[in-house]
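# Breakdown of the fold
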Amino acid sequence: MAGTASLRSELRRAALSRFLATASAARTVEITGLSPLRGGALQENWGLDARFCGGALDGEQRLVLRTSAATGVAASLTRHQEFAVQKAVFAAGVQVPEPLFASEDAAVWGKPFFIMRRVDGIAAPDRITGDPTLDPALPAIAERLGRELACIHTIQPPRPDLAFLTPYADTGPIQQIARFRAYLDCHPTPRPVLEWGMRWLETHIPPPAAPVLCHHDFRTGNYLLNGTALTAILDWEFAGWGDPHEDIGWFCCKGWRFARLDREAGGIADRTPFYRGYHRVAGGSIDPRRVRFWEVLASVRWAVIALEQTDRYMIGHERGLDLALTGRRATECELEILMLLDAGREPGLRPSDRRSSASPMGRPISPMRDLPSGAALLALARDVLMGELIPLLPEECRPDALLVAKCMAIAAREAEAPAEEGRAILREIELLCGQGVDALRRFAYDLRIGAFESSEPHDRAARAVLWRLTVAKLRQSNPEFLAANGFD
């Protein structure tokens, strides 16, 4: 079996060498290094070192091969389309890795791919937003990012080289909301907060804007910093025509601030330098009302993308801790929707009544279960993993080990969570919607159609349930996120 895999790998490297030689007009190409790169949730990226003899790339070259992952999301461009977009923005002067060659010939790599130059730098968002040594440079980086985004937005339709992009009339907010609702209709778990947020969006759609090329995933985590220098804007698989405020709202939404929720521009600065950089290239003014609309839509969109990512694990059977955990981030987006649209009206929230899972005697144990409890064992195993085992692992294995520890912590908190809280929330929903087989789904549908809006008491009660439901879920999945947003 190992011999077959080795032979397959050698044949693939040979096919890739021949492709690179033909594409670059080189006499020969020797691949000296080929290994997968970390990062990129939707696509595969391979570090590719090659020695070209003659041709356009004569000499040693550091490249990246980008191809599709085993599963993806429907909104993603193909690799050939992404290559065309990257060529267009590179020609416009955007700081992007130079795209070199593309192939749809399955005989080379087994699936379509493209080749671009490799650029030095880090993209890890927690390092960028959480490294205090970067703090003095971050406002200037935010301003530079504003200029880069404005440069992207100078590309406008019609563009024959981008004719494959869907017209904006078919991808605007109305169409996006319809797609999100269609997805939720098929999802096994109702999402009342998302339905409530989309109801607000469809009643506050701004007038149409002249479309520009939008990155549609312009955020911290999708650019490279080499020290304090911006070296590349990455990941163009969602690019398309859109309202320029759409990219601005996406960059500023809370889901992409990571370690610094207080820094509204991508977790690296306040909005002022980012907006200033954008204005210097684009001119005109940024409309804060349009940005707010797109920030709300960004939270809805990110929540749906998070659920779609977990579908790759739950339905597509693609193993991966990061995929499995990403769906939990949808509730973080729901908290942000509530904070944006119901600011200042948070109900009085009881402190969390969960016990520490480190204490096996913290709550009554069923006589049918042994001690220590499952929650206590999970907590102990996590402590051993974090304190004793992870420090012994190779550096490249530690991120996955930390995800294992995160899974264990969530499982322990859920095991300790009081069932009474969930039952109380369900009773409140039944008082609003009536008892039935699936009260939560009925509640979500009523929020979709605005059923409570004609009665202030019912509307207020519905919003209170949304808050309680969201906070209860986050107490189990991410209490640190709650605390960072000011909740006990």
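Residues numbered from 1 in each chain as written. Predicted model: local features only at pLDDT ≥ 70, side-chain atom pairs only at ≥ 80, totals over all residues. Heavy atoms only, no water.

Time to look at the overall build of the protein chain. For the protein chain, the helix and strand inventory stands at 18 helices and nine strands. Computed over its C-alpha atoms, the radius of gyration of the protein chain comes to 25 Å, within 12% of the 23 Å expected for a compact globule of 488 residues. Over its C-alpha atoms, taken along the principal directions, the protein chain stretches across nearly 75 × 60 × 45 Å. In the protein chain, which comprises 488 residues, the proportion classed as buried is 50%. For the protein chain, the share of sequence-separated contacts (at least 6 apart) that also reach a separation of at least 24 residues comes to 71%. Accessible surface for the protein chain amounts to roughly 23000 Å². Of this, 56% is attributable to carbon and sulfur atoms. Where the 58 positive side-chain charges of the protein chain centre and where its 61 negative ones centre are 0 Å apart. (Helix = DSSP H or I, 4+ residues; strand = E, 2+ residues; numbered from the N terminus. Rg over C-alpha atoms; globule rule 2.2 N^0.38 Å. Buried < 20%, exposed > 50% of the residue type's maximum accessible area, 1.4 Å probe, protein only. Contact = heavy atoms within 4.5 Å. Areas by Shrake-Rupley, 256 points an atom, 1.4 Å probe, with all protein chains shown as cover. Lys, Arg positive; Asp, Glu negative; His and termini not counted. Charge placed at Lys NZ, Arg CZ, Asp CG, Glu CD.)

The next subject is the pattern of salt bridges. Pairing between side chains becomes possible if they bear opposite charge and their charged atoms approach one another. Tallying each qualifying case throughout the model produces 42 salt bridges. For the salt bridge of R441 with D438, the shortest nitrogen-to-oxygen distance reads 3.4 Å. A network of salt bridges, in which partner residues are shared, links R66, R79, E82, D235 and E237. (Salt bridge = Lys/Arg side-chain N within 4 Å of Asp/Glu carboxyl O.)

All right, on to the nonpolar core then. L145, I268, F274 and F443 are the most contacted members of the largest nonpolar core, which has 91 residues in total. Leaving out residues up to four positions away in the same chain, I268 has contacts with I128, T129, L138, I141, A142, L145, T220, Y223, F251 and R263. In terms of nonpolar packing, the next biggest core, distinct from the first, is built from 21 residues, A21, L34, L57 and L100 among them. (Core = buried A, V, L, I, M, F, W, Y, C linked by side-chain atoms within 4.5 Å.)

Before going further, it helps to spend a moment on the packing of aromatic side chains. Under the counting rule described, the total for this entry stands at 13 aromatic pairs. On the numbers, 5.2 Å between centres and 75° between planes, the contact of F19 with F113 is edge-to-face. With F19 in helix α1 (residues 2–24) and F113 in strand β5 (residues 113–117), this pair connects stretches of sequence that are 94 residues apart. Three or more aromatic residues link up through ring pairs in this structure, and these residues are F218, F251, F274 and Y275. Across the ring face of W109, the terminal group of R12 is positioned such that the distance to the ring centre comes to 3.9 Å. Above the ring of F238, the side-chain terminus of R301 is found at 5.6 Å from the ring centroid. (Phe/Tyr/Trp six-rings, centres within 6.5 Å; stacked < 30°, edge-to-face > 60°. Lys NZ or Arg CZ within 6 Å of the ring centre and 35° of its normal.)

In this model, the protein chain carries a mean pLDDT of 90, and residues with pLDDT of at least 70 account for 91%. In this model, residues 350–362 is a region of pLDDT below 50 whose contacts with residues beyond four sequence positions or in other chains number 25 contacts. (pLDDT = per-residue confidence, 0-100.)

On the surface, Y313, M314 and I315 cluster together to form a nonpolar patch covering roughly 350 Å² of accessible area. Checked against the element boundaries, I315 lands in the loop between α10 (288–314) and α11 (321–326). (Patch = residues over 30% accessible without salt bridge, like charges linked within 9 Å, V, L, I, M, F, W, Y side chains within 5 Å.)

Inspection of helix α16 (residues 439–448) places A439, F443, A444, D446, L447 and R448 among the buried residues, and these make up the whole buried set. Those residues of α16 hidden inside the fold are in contact with α6 (173–186), α7 (192–202), α15 (419–433) and α17 (456–477).

Two numbers describe how α7 lies on α16: the axes approach to 8 Å, and their chain directions differ by 10°. If you check the angle between α7 and α16, you find them roughly parallel. Across the interface between the two elements, P192, E195, W196, R199 and E202 of α7 pack against L440, F443, A444, L447 and R448 of α16. When its residues are assigned to classes, the contact of α7 with α16 shows six nonpolar, no polar and four charged. (Axes fitted to C-alpha atoms, helices over the stretch in contact; angles between N-to-C directions. Parallel < 35°, antiparallel > 145°, perpendicular 65-115°, else oblique. Nonpolar A, V, L, I, M, F, W, Y, C, P; charged D, E, K, R; others polar.)

With respect to burial, β5 is a largely interior element, four of its five residues being buried. Pairing geometry for strand β3 (residues 59–68) and β5, over five bridges, is antiparallel. Paired with L65 across the two strands is I115, which belongs to β5. Bridge count for strand β4 (residues 99–103) against β5 is four bridges, and the pairing is antiparallel. Bridging from a neighbouring strand, S103 pairs with F113 of β5. (Pairing = 2+ DSSP bridges.)

A few words on the sheet that holds strand β1 (residues 28–36). Strand order across the open sheet formed by five strands is β1-β2-β3-β5-β4, with antiparallel pairing between neighbours. Only two strands of the sheet have a single partner each, and these edge strands are β1 and β4. Going from strand to strand, the sheet's axes swing by 25° on average, the running direction of each strand aside. Each of β2 (43–53), β3, β4 and β5 is contacted by helix α2 (residues 79–91), which is oriented at about 160° to β4, the strand it contacts most.

The subject of this paragraph is the side chain of N478. Position of N478 among the secondary structure elements: in the loop between α17 and α18 (479–484). In this structure N478 comes out as buried when scored by relative accessible area, which is 13%. A distance of 2.9 Å separates a polar atom in the side chain of N478 from a polar atom in the side chain of E332. Not counting residues up to four positions away in its chain, the partners in contact with N478 are E332 and R413. (Polar contact = N/O pair within 3.5 Å; in protein donor to acceptor, adjacent residues only side chain to side chain.)

Attention shifts here to the environment of Q61. In this fold, Q61 is placed in strand β3. Apart from residues lying up to four places away in sequence, Q61 is in contact with L48, D49, A50, F52 and R117. Among the polar contacts made by the side chain of Q61, one reaches the main-chain carbonyl oxygen of L57 at a distance of 3.0 Å.

Moving on: unusual backbone geometry. Looking along the chain, the bond that leaves P157 and enters P158 is cis, with omega of 5°. With respect to the element layout, P158 can be found in the loop between α5 (138–152) and α6. Although it is not a glycine, A25 adopts a positive phi angle of roughly 60°. You can see A25 is positioned in the loop between α1 and β1.

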